[in-house]
Amino acid sequence: MGTYRISFTLRKAAIQVPACETAEDLNILHLGFDNTDSIQGKCTTHLAFKIADYLLKKNEIKFVDFPLLIRLNPNIPWKTRGNGAVCLRIATRGSEHIIDYVKNFISLNSDISNGANPGFVAYEGITIPTSVRQFSRTALYNVLCLNDAEKIIENESIQCYKCGNGHGSIGALAAIGCLLEGDHTFEAISYRTEENVGTPRSLNEQLVLKMSAVTFPRTFNNIDAVHKRILITPHGPDPVFCGIRGEDPTTVLKSLLSLQTTEVLEGYMVFRTNQGTNMHLQNQLALSQVKPFMAGYVRGTVSKIPYILQGGHVLFEISDIARDTYPVAVYEPTDLGRIAKQLVIGDVVDIGFGVREEQSGHSRILNLEYLAVLRLNSIVHTQNPLCKVCRKRMKSEGKGKGYQCKECKIKTIKKYNVTVKRDIVEGFYLSSNKSHRHLTKPLHRFGRENSYPYVPGIYPFPNPNSFHRKGHLNDRTECRSF
Ligand code: ATP
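## Comments concerning the overall build of the protein
Helix and strand content of the protein: eight helices and 26 strands. If one aligns the C-alpha atoms of the protein with their principal axes, the spans along those axes are about 105 × 50 × 45 Å. Taken over 482 residues, the protein has a buried fraction of 52%. Contacts in the protein between residues far apart in sequence, at least 24 positions, make up 71% of those at least 6 positions apart. In the form shown here, the protein has an accessible surface area of approximately 22,200 Å², with 51% of it arising from carbon and sulfur atoms. Of the side chains in the protein, 59 bear a positive and 45 a negative charge, and the two mean positions are spaced by 13 Å.

## Here we look at the site of the ligand
Close contacts around the ligand come from 22 residues, with Asp-37, Thr-80, Arg-81, Asn-83 and His-167 the closest. One of the backbone N or O atoms of Asn-83 is found 2.6 Å from an oxygen atom in the ligand. The contact in question runs from an oxygen atom of the ligand to an N or O atom on the backbone of Gly-84, over 2.7 Å. The protein chains hide 98% of the 640 Å² of surface that the ligand would expose on its own. Broken down by element, the residue count for the shell around the ligand peaks at three residues, all from helix 5 (residues 168-176).

## Structural notes on the sheet that holds strand 21 (residues 395-396)
Pairing within the open sheet is antiparallel, and its three strands lie in the order 21-22-23. On the outer flanks of this sheet lie strand 21 and strand 23 (411-412), each paired with one strand and no other. In this sheet, strand 23 lies alongside strand 22 (residues 403-404) in antiparallel orientation, the contact comprising two bridges. Residue Tyr-403 lies in a different strand from strand 23, and its bridge partner there is Thr-412.

## Topic: the domain arrangement of the protein
The domains assigned to the protein are domain 1 (5-177), domain 2 (185-277 + 445-455 + 457-470), domain 3 (280-376 + 422-440) and domain 4 (379-420). With centres defined by C-alpha atoms, the gap from domain 2 to domain 4 works out at 65 Å.

## Digging into the pattern of salt bridges
Applying the stated criterion to the full structure yields 21 salt bridges. In this structure, Asp-100 and Lys-103 form a salt bridge, with 3.9 Å as the shortest nitrogen-oxygen distance. With a gap of three residues between them, Asp-100 and Lys-103 both fall in helix 2 (residues 95-109), about one helical turn apart. A residue is classified by how much of its surface remains accessible, and Asp-100, at 37% relative accessible area, is partly exposed. Residue class for Lys-103 comes out partly exposed when judged on its relative accessible area of 28%. Three or more residues joined by partner-sharing salt bridges are found here, namely Asp-183, Glu-247 and Arg-445.

## Concerning the nonpolar core
Core analysis: the largest hydrophobic core is formed by 55 residues, its most contacted members being Phe-135, Leu-173, Leu-259 and Val-270. Ranked by residue count, the leading element in this core is helix 5, at six residues. Looking at which domains feed residues into this core, each of domain 1 (5-177) and domain 2 (185-277 + 445-455 + 457-470) gives three or more. The contacts of Val-270, once residues within four sequence positions are left out, are Phe-66, Pro-67, Phe-186, Glu-187, Ala-188, Pro-249, Val-252, Leu-253 and Phe-467. Grouped together as the second largest cluster of nonpolar side chains are 33 residues, Leu-285, Leu-287, Leu-376 and Tyr-429 included.

## Structural notes on the packing of aromatic side chains
Going through the model one piece at a time under the given rule, you end up with seven aromatic pairs. When the centroid spacing of 3.4 Å and the interplanar angle of 10 degrees are considered together, the rings of Tyr-54 and Tyr-101 count as stacked. Linking Tyr-54 in helix 1 (residues 44-56) with Tyr-101 in helix 2, this pair joins segments that are 47 residues apart in sequence. By relative accessible area, which is 23% here, Tyr-54 ends up partly exposed. According to the relative accessible area criterion, Tyr-101 is partly exposed, its value standing at 23%. Ring-pair connections join several aromatic residues into one group, and the members of that group are Tyr-54, Tyr-101 and Phe-105. Across from the ring centre of Phe-446, 4.5 Å away, lies the NZ or CZ of Lys-441, which sits over that ring.

## Examining the pairing of strand 14 (residues 265-273)
A regular strand places its side chains on the two faces of the sheet in alternate fashion. With nine of its nine residues buried, strand 14 lies for the most part within the structure. In this sheet, strand 14 lies alongside strand 5 (residues 68-71) in parallel orientation, the contact comprising two bridges. Paired with Leu-69 across the two strands is Thr-273, which belongs to strand 14. In terms of strand pairing, strand 9 (residues 185-192) meets strand 14 through eight bridges, oriented antiparallel. Each residue of the ladder has a partner; that of Ile-189, found in strand 14, is Met-269. With three bridges connecting them, strand 14 and strand 26 (residues 468-470) associate as antiparallel partners. Looking at strand 26, one finds that Met-269 is bridged to His-468.

## Section: helix 1
Taking 1.5 Å per residue, 13 residues should reach 18 Å; helix 1 reaches 18 Å between its end C-alpha atoms and fits that length. Burial in helix 1 covers these residues: Thr-44, Thr-45, His-46, Leu-47, Ala-48, Phe-49, Ile-51, Ala-52, Asp-53, Leu-55 and Leu-56.

## A look at the side chain of Glu-369
Mapped onto the elements of the fold, Glu-369 is located in strand 19 (residues 365-375). Of the polar contacts made by the side chain of Glu-369, one reaches the side chain of Arg-437; its length is 2.7 Å. In this structure Glu-369 touches His-280, Leu-281, Leu-336, Gly-352, Phe-353, Gly-354, Leu-430, Ser-431, Arg-437 and Thr-440, once residues within four positions along its chain are discounted.

Calculation rules
Residues numbered from 1 in each chain as written. Predicted model: local features only at pLDDT ≥ 70, side-chain atom pairs only at ≥ 80, totals over all residues. Heavy atoms only, no water. Helix = DSSP H or I, 4+ residues; strand = E, 2+ residues; numbered from the N terminus. Buried < 20%, exposed > 50% of the residue type's maximum accessible area, 1.4 Å probe, protein only. Contact = heavy atoms within 4.5 Å. Areas by Shrake-Rupley, 256 points an atom, 1.4 Å probe, with all protein chains shown as cover. Lys, Arg positive; Asp, Glu negative; His and termini not counted. Charge placed at Lys NZ, Arg CZ, Asp CG, Glu CD. Near = heavy atom within 4 Å. Polar contact = N/O pair within 3.5 Å; in protein donor to acceptor, adjacent residues only side chain to side chain. Pairing = 2+ DSSP bridges. Domains from an automatic or database assignment. Salt bridge = Lys/Arg side-chain N within 4 Å of Asp/Glu carboxyl O. Core = buried A, V, L, I, M, F, W, Y, C linked by side-chain atoms within 4.5 Å. Phe/Tyr/Trp six-rings, centres within 6.5 Å; stacked < 30°, edge-to-face > 60°. Lys NZ or Arg CZ within 6 Å of the ring centre and 35° of its normal. Expected span 1.5 Å × (residues − 1).

Structure follows, in structure tokens:
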């Protein structure tokens, strides 16, 4: 590649552009897409990997951010798996042919025959319109409709391509609106070749354990130590071989390469993501606002004593400051039931939740994602006092008449209050990592959040272009240099 000068004067942002360009020739293009896969196959991140490969071969474009993998509201019932959408942000001279290419690529490579409803949006501009950013924020915790997306697409002159019921454009628009300026993480995802998709994935477990032990907490959720399970590989017939999550692009990539996979893979790409950030649980909701499939958190007091259902699930009730109440379900696989069942009426808690809609025989319910016990109510039991002389329990003389020791004949009117020792302590409780959602923030990340004020072209990271590779992971000769 040729020489570069650092200059991009449109918004005082420094961006590497080919020396022959003038700033006016370059546009920032935001490409968002979603819903290209089905449960039978394909994967939106894989499509992004292929599109990035095409874009990287073109000299006139530069990535201005890592490819973004944005997880949206995990409670959306019509999601395929993890409700992920993708955004690619590039600086380019000629947008039209890129937009055409992506449009064609998505229409040819989406799993439309198996129910995918792809959506693709392309927006040209340095700053993302406020309406798009607001839409994106809402898509993290609430349910949006196609109409909401279409209005913004029209008002902001966003180019849009959609297929099937067009639902994919909701996620696509939300992806370009998410700048990930606050907390974020990275995932290095490796992809299988077409002929291997659907066959069992083979990994050296010892190397995964070693990598995890050496790199934690810079990588996380590689293994479920309690249940002795590897978590980096999916199980379905999709093209993902494995993914390593962590705090920075270099660590996740090095960790991926350390696995020395013997299967010949198609390549890898590192995404910047909102995984592991709890981004869906940022809104404090009043219980009166709660609607099916929303996500958020509420502060309140336990208003009904927990009881254990068949299968080890626990149900209790929470009441908020307005005295609205809601049932809260704690499912057995989360391992939080053993904490929740110790709650008593009056305990002050914060709960992170997703809302399950009413189903036959069951009311609407908050499915617990995390439990913060803020204040334990003290449980005081009244007992008959002990005799000071013989230490035996005194007998009541009748209502309001005090107590007497039958042996020593000593009398008292004082009751004896005993504070019961609680079996839990105040603190933050999170489900076991096997039941984490993509967005669930692991305990060790609290207080270690990343931040990234988004300015196109200014990165606190190494060049994002060097975090994509087509070719087998162990064959260094195929590694593209940038
Ligand atoms: P994968 O993770 O395998 O890529 P997925 O789980 O992301 O798949 P999709 O097939 O993309 O699932 O389906 C999710 C659908 O829900 C998309 O059409 C997306 O536009 C839409 N969607 C995402 N967030 C919301 C939301 N907040 N409100 C309404 N629709 C949404």
